[in-house]
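Survey of secondary and tertiary structure
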Amino acid sequence: MASLTAPYDRNSLIPGIVHFGLGNFHRAHQAMFIDRLIRMGKAQDWAILGVGVMPGDSRMRDVMQEQDGLYTLVLKSHGKAEHLVIGSIAGFLFAPDDPEAVLTAMTADTTRIVSLTVTEGGYNIDDALGTFKVDSPAAVRDAEDPAHPTTTFGYIVEALRRRRAAGQKPFTVMSCDNLQGNGKIAHEAVVAQARITDPELAEWIDANVSFPNSMVDRITPVTTEDDIQFVRDNYGGDDAWPVTCEPFEQWVLEDKFTLGRPPLEDAGVQVVEDVVPYELMKLRLLNASHQALAHLGRLIPLEFADQAAADPDIQAFVRAYLEREAIPTLKPVPGIDLPDYVDTLFERFTNEAIKDTLARLAQDASDRMPKFVISTLRDNIAAGRSVQLGAALCAAWALGMEGVAEDGSKIAVDDQLSDELLPLAAQQKQGQQTAVISNQRVFGTLADDATFVENFRRSLESLREHGARETIKVLLA
Ligand SMILES: NC(=O)C1=CN([C@@H]2O[C@H](COP(=O)(O)OP(=O)(O)OC[C@H]3O[C@@H](n4cnc5c(N)ncnc54)[C@H](O)[C@@H]3O)[C@@H](O)[C@H]2O)C=CC1
Ligand SMILES: O=P(O)(O)OC[C@H]1O[C@](O)(CO)[C@@H](O)[C@@H]1O
């Protein structure tokens, strides 16, 4: 079987970045941007050394070892596919095998950035308080024995302690997770982990380490057996873990690096002073649209994001919601034409090669709706603007939580708050129309706003009596 061919001479590459969470998104995004620069001869000393701290990462270790860090990235859209072999991953360390090797890499003079895609949960943040959970078992363990860390933040704190003791400058910690204010959250996690055992080190980190914020975007699903077969059939490469994603790519990054950075703008990254307008745009347009596709689509019922996005009724609803209620809440976004951005969203969502399921998009909606939709509702209420469509979207979600689609089939609810929300959905089904929206953890005090409640009730009744399509028609008439 054919092995993968390196795209360039990799002998001279020097790792300048240590990356925690070498999953599919990193391999479709940051590693691809660095690969692009290496091909231009501009980042030979910014190759990536991957680190995995989770037990499941042993599989990535085996594949990366077997394939010398190479893998195939396949970009698929509307019947077309292109591929490239990515060479920017210079190595991979499975941390439980040799924790000291990870710390040695992190304290090397050549390492100037430690980057992260460790998922939202990986930051160990209490959502309600916005603070690091210092009493979680893993944080306590790493605090009790800081020289032998097991978590991402334990490793970062110990490496920073060693660098400081050796008189080296600290590396920059660059989060690339899909979190609003990801740099701020990484800062909170690192400083809080340090503070448990060494408050003075925590202060030094607070004053000396840089945590740039970023907005990252590229829809990258989990690799399937079909993806592996596709690479084998079409490119002749035997790749145990290729990555398939959409062609769209966006990375907006705050320019805040203490020890330099690769010339990422030459690879298409938008390096800016303030990431906030871009983040709000993504969360309130892209992610809110995903919620609308998921909750209306699952009522009809549809299965995939591309089906829901191509559905004329749902598309009309989402476009109207974005135009009338979401866009008016955004700050000006430098260099972005918002109507064009919305058109691009639909081009991306209708990409049938990316089999994103509505079930995935609806997962943990109690965490997503407040960030993507309810914040917009609040801004509109404060500004005296309409909340008709946002309230309808909440009603679609609330009705879906009753668990039955329009054809009588089951809607599975996979949500970390389901113990709290499903009993409320059951009361709603019995006629208590405001039961779900009275949950303050999700909706805050929205149930006290008469206009929101009126719009919500009307849509809930209509969705229940007449279904999603008819409700959309009436709302948009
Ligand atoms: N997949 C996508 O379309 C996009 C993903 N992202 C961000 O990237 C993150 C990762 O997504 P994927 O790479 O697609 O997922 P993945 O499942 O392929 O990889 C997740 C990685 O995170 C690591 N991880 C998980 N929990 C951890 C923890 N507690 N501590 C340390 N490491 C941990 C895993 O070991 C793995 O390496 C997402 O959660 C999101 O924040 C951002 C934009 C798009
Ligand atoms: O859903 P997660 O794990 O936050 O990350 C994926 C995010 O990125 C996207 O795939 C687009 O970049 C969205 O679907 C989603 O918001």
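With an unreviewed UniProt entry as reference, the protein is termed Mannitol-1-phosphate 5-dehydrogenase, source organism Ancrocorticia populi. Here the protein is described in UniProt, under the heading Sequence similarities (unreviewed entry), as follows: "Belongs to the mannitol dehydrogenase family." Checking UniProt for the protein, the heading Catalytic activity (unreviewed entry) contains the comment "D-mannitol 1-phosphate + NAD(+) = beta-D-fructose 6-phosphate + NADH + H(+)".

In terms of nonpolar packing, the biggest core is built from 76 residues, with Leu 285, Phe 317, Phe 443, Phe 452 and Phe 456 touching the most fellow members. The biggest single contributor to this core is helix α10 (residues 276-299), with 12 residues. Structurally, this core is a two-domain feature, drawing no fewer than three residues from each of domain 1 (15-272) and domain 2 (276-476). If near-sequence neighbours (up to four positions away) are discounted, Leu 285 is found in contact with Leu 280, Leu 322, Ala 326, Ile 327, Leu 330, Leu 338, Tyr 341 and Leu 345. Phe 20, Tyr 123, Val 157 and Val 209 belong to the second largest nonpolar core, which has 39 residues in total.

To continue, consider the site of ligand 1. For ligand 1, the set of nearby residues contains 20 residues, the closest of which are Phe 25, Asp 57, Glu 120, Asp 177 and Asn 178. Residue Asp 177 places a side-chain N or O atom 2.8 Å away from an oxygen atom belonging to ligand 1. Between Thr 220 and ligand 1, the recorded distance is 2.9 Å, taken from a backbone N or O atom to an oxygen atom. Computed on the free molecule, ligand 1 has an accessible area of 820 Å², of which 76% lies beneath the protein chains in the complex.

What counts, and where the lines are drawn
Residues numbered from 1 in each chain as written. Chains lettered and ligands numbered in written order. Predicted model: local features only at pLDDT ≥ 70, side-chain atom pairs only at ≥ 80, totals over all residues. Heavy atoms only, no water. UniProt positions renumbered as here; feature names shortened; annotations may be inferred. Core = buried A, V, L, I, M, F, W, Y, C linked by side-chain atoms within 4.5 Å. Buried < 20%, exposed > 50% of the residue type's maximum accessible area, 1.4 Å probe, protein only. Helix = DSSP H or I, 4+ residues; strand = E, 2+ residues; numbered from the N terminus. Domains from an automatic or database assignment. Contact = heavy atoms within 4.5 Å. Near = heavy atom within 4 Å. Polar contact = N/O pair within 3.5 Å; in protein donor to acceptor, adjacent residues only side chain to side chain. Areas by Shrake-Rupley, 256 points an atom, 1.4 Å probe, with all protein chains shown as cover.

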